[in-house]
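Now for the letters of each chain:
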Amino acid sequence: WLRAELRAQGAALLEQGGCILLRAGAVGPHGGIEETLEALTRLPEGTVFLMMGRPSDAYRAELIAIIRERGLQHRAIFWDRPSDEQWKRALQGADVGHLIHGPFPEGPMARVYADNSSLSNYRLFNYMAAGLPIIAYDDPRMSELYQEVACFRVARLKCLTEDLVAILTELTAEPETRKALGIVGRRAHLTTYTWQHQFDKILVKSRKLVRQ
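The residue count restarts for each chain, going from 1 along the sequence in the order it is written. Predicted model: local features are reported for residues with pLDDT of at least 70 only, side-chain atom pairs are reported and counted for 80 or more only, and whole-chain, interface and lining totals are derived from all residues. The basis for every side-chain value is the complete set of non-hydrogen atoms in the structure, without hydrogens or water.

Overview of the overall build of the protein chain
This is how the line gets drawn: Starting at the N terminus, helices and strands are each numbered in turn, a helix being any DSSP run of H or I of at least four residues and a strand any DSSP run of E of at least two. This radius of gyration counts C-alpha atoms alone. The globule rule is 2.2 Å times how many residues there are, raised to the power 0.38. Every residue pair with non-hydrogen atoms within 4.5 Å of one another is taken to be in contact. Within this scheme the basic residues Lys and Arg register as positive and the acidic residues Asp and Glu register as negative, but His and the chain ends are omitted. To locate a charge, the coordinates of NZ of Lys, CZ of Arg, CG of Asp or CD of Glu are taken.
Each helix and strand counted, the protein chain has 11 helices and six strands in total. Against the compact-globule benchmark of 17 Å for 212 residues, the protein chain has a radius of gyration of 18 Å, which places it among compact chains. A sequence separation of at least 24 residues applies to 73% of the contacts in the protein chain between residues at least 6 apart. Of the side-chain charges in the protein chain, 27 are positive and 25 negative, and the distance between the mean point of each set is 7 Å.

Okay, structure coming up:
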């Protein structure tokens, strides 16, 4: 469904092959979006970047302008406030999940980032549930998860564009690698990172207290 929908909207995708990179949410500044668009200009045409979210009016205009300036109208697609069904089907149809925050300039945004763990990102677990390999970034607070669940390719914020080019070159050319990484993430979701498992101990304790 997703491939057909993107092609109908003019995306440079064949019926098979290529790679659909999905950012499901948080479309705004300091999310590695500009660096990803720059990376796209250095990648094969079949690599397409789909962004879904609800940016500010200012950032939406800026994003559209960048896409036009770089001639990426057929490779960088933005869906503004898609429906729940579109959101779900995009996750099911994508090839790679985009989970990047930063780089951040010195000042208020850097302090906000330092005080907010990226582990709260809801789309991280959406990507796992959908069986997508995940492009993430070098946040020390995420290192334990990266080691535990080998479904990630980690880009360094200090050389984000270059790392994105290298990672996407690999993942675009190697669908079996994408599949293997996605299976690892999906398995982790089913066994550990799902609501039922995470809150089971709390629910069991609550039931005991109710009975008492």
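From this point on, the discussion continues.
Let's talk about the environment of Ile-20
Keep this limit in mind: Think of it in three bands: with a 1.4 Å probe and only protein chains considered, a residue is buried below 20% of the maximum accessible area for its type, exposed above 50%, and partly exposed in between.
Relative to the elements of secondary structure, Ile-20 occurs in strand E1 (residues 19–24). Taking the relative accessible area as the measure of exposure, Ile-20 reaches 0% and is therefore buried. Remark: the alpha-carbon pair of Ile-20 and His-101, spanning 81 residues in sequence, is separated by 20 Å. When residues no more than four places from it in sequence are discounted, the contact partners of Ile-20 are Leu-2, Arg-3, Leu-6, Leu-13, Val-48, Gly-93, Ala-94, Asp-95 and Val-96.

Things to note about the nonpolar core
Quick reminder of the rule: Among the buried residues, those of types Ala, Val, Leu, Ile, Met, Phe, Trp, Tyr and Cys that are joined through side-chain atoms within 4.5 Å form a nonpolar core.
Core analysis: the largest hydrophobic core is formed by 61 residues, its most contacted members being Leu-37 and Phe-152. Considering each element in turn, this core owes the most residues, six residues, to helix H8 (residues 160–173). Contacts of Phe-152, omitting those with residues within four sequence positions, involve Leu-124, Met-128, Ile-134, Ala-136, Leu-145 and Tyr-146.

Re helix H9 (residues 175–191)
Here is the rule: An expected span of 1.5 Å times one less than the residue number is assigned to each helix. Note: the arc covers the axis-to-C-beta directions of the helix.
Its 17 residues give H9 an end-to-end C-alpha distance of 24 Å, which sits within 8% of 24 Å, the value for a rise of 1.5 Å per residue. What H9 keeps buried is the set Thr-177, Arg-178, Leu-181, Gly-182, Gly-185, Ala-188 and His-189. All buried residues of H9 fall inside an arc of 125° around its axis, so they share one side. For H9, the exposed residues set more than 90 degrees away from the buried face come down to Glu-176, Lys-179 and Leu-190. Along its buried surface, H9 packs onto E1, strand E4 (96–98), helix H6 (122–130), strand E6 (152–155) and H8.

Regarding the packing of helix H2 (residues 33–40) against H8
Short version of the rule: An axis is simply a line fitted to the C-alpha atoms; with a helix, the fit covers only the stretch in contact. Between two such axes, the angle follows the N-to-C directions and lies from 0 to 180 degrees. Oblique is the label for any angle not under 35 degrees, not over 145, and not in the 65 to 115 range, which are roughly parallel, roughly antiparallel and roughly perpendicular in turn. The sense of a crossing depends on the near helix, which, turned anticlockwise from the far helix by less than a right angle, makes the crossing left-handed and, turned clockwise, makes it right-handed. When residue character is reported, Ala, Val, Leu, Ile, Met, Phe, Trp, Tyr, Cys and Pro are called nonpolar, Asp, Glu, Lys and Arg charged, and the others, Gly included, polar.
Viewed as axis vectors pointing N to C, H2 and H8 meet at an angle of 50°, and their least axial separation amounts to 9 Å. Here H2 lies oblique to H8, going by the angle between them. Where H2 crosses over H8, the handedness of that crossing is right-handed. Contacts between H2 and H8 involve Glu-35, Thr-36, Glu-38 and Ala-39 on the former and, on the latter, Leu-160, Thr-161, Leu-164 and Val-165. The residue makeup of the contact of H2 with H8, split by class, is four nonpolar, two polar and two charged.

Things to note about the sheet that holds E6
Where strands meet in a sheet, backbone hydrogen bonds hold them as pairs that are either parallel or antiparallel. Applicable threshold: Here the rule is simple: two strands pair whenever DSSP picks up at least two bridges between them.
Strand order in the open sheet formed by six strands is E3-E2-E1-E4-E5-E6, and the pairing between neighbours is parallel. Each edge of the sheet is formed by a strand with only one pairing partner; in this case those strands are strand E3 (76–80) and E6. Each strand of the sheet is rotated relative to its neighbour by a mean of 25°, with strand direction disregarded.

Here we look at the packing of aromatic side chains
So the rule is basically this: Within 6.5 Å between ring centres, the rings of Phe, Tyr and Trp (the latter by its six-membered ring) count as paired, and their orientation is classed by plane angle as stacked under 30 degrees, edge-to-face over 60, tilted in between.
Scanning all chains against the criterion turns up three aromatic pairs. Between Trp-1 and Trp-79 the ring centres are 6.1 Å apart and the planes differ by 75°, which places this aromatic pair in the edge-to-face class. Of this pair, Trp-1 sits in the segment before helix H1 (2–8) while Trp-79 sits in strand E3, placing them 78 residues apart in sequence. Note on Trp-1: relative accessible area 39%, which makes it partly exposed.

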